[in-house]
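The lines below spell out each chain.
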Amino acid sequence: KSGIESPFYVDLRPLASDPKILKHLANYLLEMLPLDNFDLICGVPYAALPMATAMSLESYIPLIIKRKEAKEYGTKKLIEGIYSKGQNCLLVEDVITSGKSLLETIPEIENEGIKVSDIVVVLDRQQGGKELLESKGYRVHTLFTISEVVEILKEVEKSEGNIILFIDE
């Protein structure tokens, strides 16, 4: 989405199809955070929605849903769920590249009177997004960086010989 060219295509959406992996992922992400700091959890549409839902179920922290766009009928809200002004929301993202999608999402949540201080991300592509968000005062917690993933894949390939890793350097 960022438009930044990269030798890596990362798609974490298939994780939602495996309940066991999704549950483990949710717990890994939750273990990185001081949970008593958060009143709400919200996943950035769409790939992070199942992750945020699993995190909500595991932590008992209520989930709110941010729509990509408001519907033309009904409540016409961008943020769905039960919340109050002044609550602190943990934002969940699958992959961070430039940080632009998060910078689009955060004001929409904050416009509802909800505070965003922390963002948890599964994968940092190390293309400036984390640093941009941190420069704006947000705490960004990442489970993996792309460098760590590449090293893990190289080790697996060496030991098991059944993974093909293409890197355009």
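Residues numbered from 1 in each chain as written. Predicted model: local features only at pLDDT ≥ 70, side-chain atom pairs only at ≥ 80, totals over all residues. Heavy atoms only, no water.

Visitor: Report on the overall build of the protein, specifying residues and quantitative values.
Guide: Looking only at helices and strands, the protein has five helices and six strands in total. For the protein, the succession of helices and strands along the chain, N to C, is α-β-α-β-β-β-α-β-α-β-α. Looking at the protein as a whole, 39% of its 169 residues are labelled buried. For the protein, the proportion of contacts with a sequence separation of at least 24, taken over those separated by at least 6, is 60%. (Helix = DSSP H or I, 4+ residues; strand = E, 2+ residues; numbered from the N terminus. Buried < 20%, exposed > 50% of the residue type's maximum accessible area, 1.4 Å probe, protein only. Contact = heavy atoms within 4.5 Å.)

Visitor: I'd like a rundown of the environment of I96, residues and numbers included.
Guide: In this structure, I96 sits in strand β4 (residues 88–96). Since its relative accessible area comes to 1%, I96 is described here as buried. A C-alpha to C-alpha distance of 8.7 Å links I96 and G128, two positions 32 residues apart in sequence. Residues in contact with I96, not counting those within four places in the same chain, are L102, V121, L123, D124, R125, G129, K130 and L133.

Visitor: Summarise helix α3 (residues 100–110); cite the residues concerned and give the values.
Guide: Every buried residue belonging to α3 is among S101, L102, T105, I106 and I109, and all of these are buried. The buried residues of α3 occupy one face: seen down the axis, they fall within an arc of 125°. In the core, the buried residues of α3 are packed alongside β1 (40–43), β2 (63–66), β3 (79–80), β4, β5 (115–124) and α4 (129–135). (Arc of directions from axis to C-beta.)

Visitor: Quick one: what's the story with the confidence of the model for the protein, residue by residue and with numbers?
Guide: Within the protein, residue pLDDT values average 87, and 83% of them lie at 70 or more. Confidence drops under a pLDDT of 50 for residues 164–169, and excluding neighbours within four residues, the segment shows nine contacts in the predicted structure. (pLDDT = per-residue confidence, 0-100.)

Visitor: I'd love a proper account of the pairing of β4, names of residues and values included.
Guide: Summarising burial for β4: nine of the nine residues are buried, a large majority. The sheet contact formed by β1 and β4 spans four bridges and is parallel. Bridge pairing in β4 links I41 to L90. Both β4 and β5 contribute to a ladder of eight bridges, which runs parallel. Across the sheet, L90 pairs through a bridge with D118, a residue of β5. (Pairing = 2+ DSSP bridges.)

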